[in-house]
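Take a look at the letters that make up each chain.
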Amino acid sequence: MTRAAVLEAVNAPLTLTEIELPEPGPGQVRIKLAAAGVCHSDLSLTNGTLRQPVPAVLGHEGAGVVVSVGEGVTTVAPGAEVILNWAPSCGGCHFCVRLNEPWLCPHANDATTVPYARDATGRALYPGLSVAAFAEETVVPERAVLPLPAGVPLLDAALLGCAVLTGYGAVHHSARVQAGESVVVVGLGGVGLAVLQSARIAGAERVIAVDVSPRKEELARACGATDFLVASESTAKDVRALTAGLGADVAVECVGRAETIRTAWGATRRGGRTTVVGIGGREEKVSFSALELFHFARTLSGCVYGNCDPARELPVLAEYVRTGALDLGALVTGRIGLADIPDAFGEMVHGRGGRALVVF
Ligand code: APR
Ligand code: ZN
Ligand code: ZN
């Protein structure tokens, strides 16, 4: 039996349950988790902002060791250290093959709709965001498994699977930050902090961190922020004051609310670029005037999993970890057990800390 944190229904509390995992079938891999980060998207599944079939074992930012593999699996063998890819692309569609942009694959969430395990009463369970990392062990499709390059500590490596791939990709592939540019980052959870570190790697000159919670300042500066602002009605004006009256070259939004998307957009210069990483609800509507579009000639982009191919990007990130340019430890502000995930959600809601890491 395997201990797991299960979401029974939207708005129900997580329950710690023993689950029964099958042996991996053809094309599947069984993994013993070492660690799993608590991401806002897990909280968004519990409150209905994001939806998938339930009951589901949540958790999608995981690292662990392969226990066994099913028939036909070739990329990993038992004993391999791996991280989990929560958006396993199909490898065969227009986006995967023709465009070589697997983050846009419409099948990336297909595995969430197929039961993968049972609870003690025999009830079918679905894998949260395909990988179900809030459990001692999991069984996932081979394409959800990425071999961990050498030299990266296994526990902290979990963060590569969501916050860091997303944050790094947002900076390097979506916003394409250039050396010397100014970057404003709105929302400083695990994702925003990874964006700060990535902006530093890109050689951004001014990195302005913005959060509603003043408690984030120290963490933000440790991750490369040159300035810190408490979010307010005057954030856009405050950013202009720090950028010679112009506004930032780039804004990265890491909250997922209309209000913060608007703030990020308003903080950029004429011709500035805003990338939205945060995942907001259907009811969040952002507005701007048609005239404003002409006047400022800004761009606004969505961003999925950092708009990058996790398999291609992981070796790049691992090299930054080895050289110290990426400091995964600086993102982790709590090491917790499975039973503490609801507390970690509470800390998130109150804007405290960086990433909480469930350690198994
Ligand atoms: N203005 C500025 N910052 C805000 C505001 C606001 N109005 N509201 C919340 N924040 C801050 C919080 O204080 C917190 O520091 O945004 C941060 C969000 O951090 P987390 O909750 O830890 O979220 P994280 O896991 O980093 O994910 C960020 O990216 O992948 C998506 O679904 C994810 O939408 C979420 C976003
Ligand atoms: Zn995530
Ligand atoms: Zn595809």
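Residues numbered from 1 in each chain as written. Chains lettered and ligands numbered in written order. Predicted model: local features only at pLDDT ≥ 70, side-chain atom pairs only at ≥ 80, totals over all residues. Heavy atoms only, no water.

### Here's the deal with the site of ligand 1
And then number 1: Residues in close proximity to ligand 1 total 22 residues, the closest being His-40, Ser-41, Asp-211, Ile-279 and Arg-355.
And then number 2: At a separation of 2.8 Å, an oxygen atom of ligand 1 approaches a polar side-chain atom of Ser-41.
And then number 3: One of the backbone N or O atoms of Val-212 is found 3.2 Å from a nitrogen atom in ligand 1.
And then number 4: Taking 730 Å² as the accessible area of ligand 1 by itself, protein coverage stands at 92%.
And then number 5: Elements with a minimum of two residues in the shell around ligand 1: helix H1 (40–47), helix H5 (190–202) and helix H8 (258–266).
And then number 6: In the shell around ligand 1, the residues fall into 10 nonpolar, 8 polar and 4 charged.
And then number 7: Both of domain 1 (2–163 + 307–359) and domain 2 (167–304) provide at least three residues apiece to the shell around ligand 1. (Near = heavy atom within 4 Å. Polar contact = N/O pair within 3.5 Å; in protein donor to acceptor, adjacent residues only side chain to side chain. Areas by Shrake-Rupley, 256 points an atom, 1.4 Å probe, with all protein chains shown as cover. Helix = DSSP H or I, 4+ residues; strand = E, 2+ residues; numbered from the N terminus. Nonpolar A, V, L, I, M, F, W, Y, C, P; charged D, E, K, R; others polar. Domains from an automatic or database assignment.)

### Considering the coordination of the zinc ion (ligand 3)
And then number 1: At this site the zinc ion (ligand 3) is bound by Cys-90 (SG), Cys-93 (SG), Cys-96 (SG) and Cys-105 (SG), with donor distances of 2.3 to 2.4 Å.
And then number 2: In this structure, the zinc ion (ligand 3) is coordinated by 4 donor atoms arranged in tetrahedral fashion, with angles at the metal of 105 to 116 degrees.
And then number 3: Counting the intervening residues between successive donors of the zinc ion (ligand 3) yields the motif C-x2-C-x2-C-x8-C. Taken together, the positions of Cys-90 in the loop between strand E6 (81–84) and helix H2 (94–98) and Cys-105 in the loop between H2 and strand E7 (117–119) put the pair 15 residues apart, joining distant regions of the chain. (Donors = N, O, S within 2.8 Å, 3.2 Å for Na, K, Ca; no water. Tetrahedral: all angles 85-135°; square planar, octahedral: opposite > 155°, others 65-115°.)

### Focus on the sheet that holds strand E11 (residues 182–186)
And then number 1: Spatially, the 6 strands line up as an open sheet ordered E13-E12-E11-E14-E15-E16, and their pairing is parallel. Of all the strands in the sheet, the pair left with one neighbour each is strand E13 (227–230) and strand E16 (299–302). Along the sheet, successive strands turn relative to each other by an average axial angle of 20 degrees, direction set aside.
And then number 2: One ladder, built from 5 bridges, connects E11 with strand E12 (residues 206–211); its direction is parallel. From the neighbouring strand, Val-185 faces E12, where its bridge partner is Ala-209.
And then number 3: In the packing of H8 onto the sheet, the strands contacted are E11, strand E14 (248–253), strand E15 (268–276) and E16, and the crossing angle to E15 comes to about 145 degrees. (Pairing = 2+ DSSP bridges. Axes fitted to C-alpha atoms, helices over the stretch in contact; angles between N-to-C directions. Contact = heavy atoms within 4.5 Å.)

### Considering the coordination of the zinc ion (ligand 2)
Any two of four tetrahedral donors ideally make an angle of 109.5 degrees at the metal, while pairs among six octahedral donors ideally make 90 or 180 degrees.
And then number 1: Around the zinc ion (ligand 2), the protein supplies Cys-39 (SG), His-60 (NE2) and Cys-162 (SG) as donor atoms, at distances of 2.1 to 2.3 Å.
And then number 2: Along the chain, the residues that donate to the zinc ion (ligand 2) are spaced as C-x20-H-x101-C. With His-60 in the loop between strand E4 (56–57) and strand E5 (61–69) and Cys-162 in the loop between helix H3 (154–157) and helix H4 (163–174), this pair connects stretches of sequence that are 102 residues apart.
And then number 3: Take His-60: its relative accessible area is 1%, and that puts it in the buried class. (Buried < 20%, exposed > 50% of the residue type's maximum accessible area, 1.4 Å probe, protein only.)

### Focus on the environment of Leu-50
And then number 1: Its place among the elements puts Leu-50 in the loop between H1 and E4.
And then number 2: On the basis of relative accessibility, which here comes to 22%, the residue Leu-50 falls in the partly exposed class.
And then number 3: C-alpha of Leu-50 to C-alpha of Ile-279: the two residues are 229 residues apart in sequence and 8.3 Å apart in space.
And then number 4: Among all residues touching Leu-50, those that are not within four sequence positions of it are Ser-41, Ser-44, Leu-45 and Ile-279.

### Side note on H5
And then number 1: Under the 1.5 Å per step criterion, the end-to-end length of H5 is 18 Å for 13 residues, consistent within 8% with the ideal 18 Å.
And then number 2: A large share of H5 lies buried, amounting to 11 of its 13 residues.
And then number 3: Burial in H5 covers these residues: Gly-190, Val-191, Gly-192, Leu-193, Ala-194, Val-195, Leu-196, Gln-197, Ser-198, Ala-199 and Ala-202.
And then number 4: For H5, the secondary structure elements touched by its buried residues are H4, E11, E12, helix H6 (217–222), E14 and strand E18 (355–359).
And then number 5: Where H5 ends, the next residue or the one after it, Gly-203, has phi of about 85 degrees, a positive value. (Expected span 1.5 Å × (residues − 1).)

### Re the domain arrangement of the chain
Often the size quoted for an interface is simply the accessible area lost on bringing the parts together.
And then number 1: Per the domain assignment, the segments of the chain are domain 1 (2–163 + 307–359) and domain 2 (167–304).
And then number 2: Centre-to-centre separation of domain 1 and domain 2, based on C-alpha positions: 27 Å.
And then number 3: For the pair domain 1 and domain 2, the summed buried surface comes to about 2000 Å²; carbon and sulfur atoms form 57% of the total.
And then number 4: Sorting the residues of domain 1 by area buried against domain 2 places Ala-163, Asn-307 and Leu-331 first, and these three jointly supply 26% of that buried surface.
And then number 5: The interface formed by domain 1 and domain 2 contains 0 salt bridges.
And then number 6: Here domain 1 is connected to domain 2 by 7 residue pairs in polar contact (both at pLDDT 80 or more).
And then number 7: Broken down by element, the residue count for the side of domain 1 that touches domain 2 peaks at 4 residues, all from helix H10 (residues 310–323). (Buried area = accessible area lost by both parts, 1.4 Å probe. Salt bridge = Lys/Arg side-chain N within 4 Å of Asp/Glu carboxyl O.)

### A word on the sheet that holds strand E8 (residues 124–127)
And then number 1: Around the barrel, 5 strands lie side by side as E1-E2-E7-E8-E4; this closed barrel has mixed pairing.
And then number 2: Judged from the 2 bridges that link them, strand E1 (residues 2–7) and E4 form a sheet pairing that is antiparallel. Along E4, the bridge assignment pairs Leu-7 with Ala-56.

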